[in-house]
Structures are given as structure tokens and as C-alpha cells.
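Next come the chains, spelled out residue by residue.
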Amino acid sequence: MQARTAFSSILPALIAFVAVLASCGENSTPSASAPAKVAHPPATVEAMNRAVGLMGKFDFEAAASAFEEIAKATSAPVEARLNLAIATLNQSREGAQERAIESLREILKSNPPAAIALRARYCIALCELYLGRAGEAAPHFVEVASAQGADAYARYFAGQALEQVGDAKAALGWYES
């Protein structure tokens, strides 16, 4: 339980960081192989920006409500569902992280773009680690860290989860890289 207490003290900052990443594009200059970005209606973009702003203010319940409204639309961007899950996992209510994991797994079942899938896996891993289930978190962190080689957070958490399950040698590899 000590790991959960220590981890819970940094969870809001990490999730806010993830939320910002989840609302950003992969890069500003699409490559020839990158899928075309879908243009969303201005009202959807404005609503998403307001909801992300609520997360930036750490008002996760209001943000979750806002993302839930956006996600109800049939043409809602997958980012709305991802950010809804992020706003949910940041709540301190009993069962919030379990609900977030369930939502994130549903996103993965929908075969989202690779960048969204990686963000969903990262969020699942954060929830699992927070809940004290490092063995469940480790494979997700390793997958994300492998795909996002320069992501120091993913590499650190891959090492942390592996260390918690007793694989010090593998953990050290992630810490040193």
C-alpha cells in the first residue's frame, strides 16, 4: 500500500500531462504515411478545449461530464472517450480507476489509431500501478516505452513496474536507457 500512497501523490500531475498529450496531435507536420486528420466541427473542438481546460484546473468531475456529453455524439472524436477516461481516473472516488480501465479497454477494442491506442495503454498502466497491480501495469508500460523510445515517463514507469514485480535486471535496463 506504500507504493500506492507514494504514487498517488504524483498521479494528478502525471495525468494532467497525459491529458495534454491526449489532446495534441502527434506532430504538426504530417508525414506521407500518416493518416489524414479528420476535421471536427468547430463546436466539437470548442467543447473539447473547454473540457481539457477543466482538467487543467483539476476539476476532473466537471471535465468528465463535459467529455461525456461530447462522446455521446455519433461523430465524436475518439479523443473525447480517451479524455473522459483520463478525467475519470483522476477522480478520487472509489472505483474511478476501475471504471477508467474499463473505458480504456473499450477504446482499444474499437481499433483506434496507433497513437490513441498507446495513450490508452499508458493510462491503463498508470491505473494498474496506482491500484498496486504492477504485474498488470508492466507489459503496458514496456509496450509504450518501446514504441515511444524518447518518452522518459514511460521508460521510468516501465522500470518501476518491473522492479515492483521483482525483475530488477529488466527494470535497471529501463532506468538506464
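Residues numbered from 1 in each chain as written. Predicted model: local features only at pLDDT ≥ 70, side-chain atom pairs only at ≥ 80, totals over all residues. Heavy atoms only, no water.

## A word on the overall build of the chain
Counting its regular elements, the chain contains 9 helices and 0 strands. Looking at the chain as a whole, 40% of its 177 residues qualify as buried. Summarising the internal contacts of the chain: among those between residues at least 6 apart in sequence, 54% fall at separations of at least 24. Here the chain displays about 9,700 Å² of accessible surface, and carbon together with sulfur accounts for 55% of that area. (Helix = DSSP H or I, 4+ residues; strand = E, 2+ residues; numbered from the N terminus. Buried < 20%, exposed > 50% of the residue type's maximum accessible area, 1.4 Å probe, protein only. Contact = heavy atoms within 4.5 Å. Areas by Shrake-Rupley, 256 points an atom, 1.4 Å probe, with all protein chains shown as cover.)

## Examining the packing of aromatic side chains
Evaluated as defined, the whole model comprises 5 aromatic pairs. Consider the rings of Phe 58 and Phe 60, whose centres lie 5.8 Å apart with planes at 80°: the pair is edge-to-face. For Phe 58, a relative accessible area of 47% gives the class partly exposed. Note on Phe 60: relative accessible area 9%, which makes it buried. In this structure an aromatic cluster arises from ring pairing among Tyr 122, Phe 141, Tyr 156, Phe 157 and Tyr 175. (Phe/Tyr/Trp six-rings, centres within 6.5 Å; stacked < 30°, edge-to-face > 60°.)

## Quick look at the confidence of the model for the chain
If pLDDT is low for a region, its predicted coordinates should not be looked at in detail. Residues of the chain with pLDDT of at least 70 account for 79%, and the chain-wide mean is 84. Helix H1 (residues 2-23) is the least confidently modelled element of the chain, averaging 48 in pLDDT, while helix H5 (residues 96-109) averages 97, the highest of any element. Note on residues 19-36: pLDDT is under 50 here. Beyond four places in sequence and across chains, it has 17 contacts. (pLDDT = per-residue confidence, 0-100.)

## Considering the nonpolar core
Judged by nonpolar contacts, the single largest core of 29 residues is most densely connected at Met 55, Phe 67, Ile 70, Leu 82, Leu 89, Leu 104 and Ile 107. Residue assignment for this core shows that the elements contributing at least two residues are helix H2 (42-56), helix H3 (60-71), helix H4 (78-89), H5 and helix H6 (114-130). At 8 residues, H4 tops the list of elements feeding residues into this core. Apart from residues lying up to four places away in sequence, Phe 67 is in contact with Met 48, Ala 51, Val 52, Met 55, Ala 80, Asn 83 and Leu 84. Ala 125, Leu 129, Ala 137 and Phe 141 belong to the second largest nonpolar core, which has 18 residues in total. (Core = buried A, V, L, I, M, F, W, Y, C linked by side-chain atoms within 4.5 Å.)

## Let's talk about the pattern of salt bridges
In the structure shown here, the tally under the stated rule is 7 salt bridges. Across the pair Arg 105 and Glu 128 runs a salt bridge whose closest N-O atoms are separated by 3.3 Å. Pair noted here: Arg 105 is in helix H5 and Glu 128 is in helix H6, with a separation of 23 residues, a long-range link. Residue Glu 128 is classed as buried on the basis of its relative accessible area, which comes to 2%. Here Glu 106 ties to Lys 109 by a salt bridge, and the two come within 3.3 Å at their closest N and O atoms. In this pair, Glu 106 and Lys 109 are both assigned in helix H5, 3 residues apart and thus about one turn of the helix distant. Its relative accessible area of 65% is what places Lys 109 among the exposed residues. Where salt bridges share partners, they join Glu 98, Arg 105, Glu 128 and Arg 133 into one cluster. (Salt bridge = Lys/Arg side-chain N within 4 Å of Asp/Glu carboxyl O.)

## Some details on the side chain of Asn 90
Considering the arrangement of structural elements, one finds Asn 90 in the loop between H4 and H5. For Asn 90, a relative accessible area of 12% corresponds to the buried category. Here Ile 86 takes part through its backbone oxygen, which lies 2.9 Å from a polar atom of the side chain of Asn 90. (Polar contact = N/O pair within 3.5 Å; in protein donor to acceptor, adjacent residues only side chain to side chain.)

## Some remarks on unusual backbone geometry
Even without a glycine there, the phi angle at Phe 58 is positive, about 65°. Take Phe 58: it is sitting in the loop between H2 and H3. Positive phi outside glycine occurs at Asn 111, with the angle close to 55°. You can call Asn 111 exposed: its relative accessible area is 66%.

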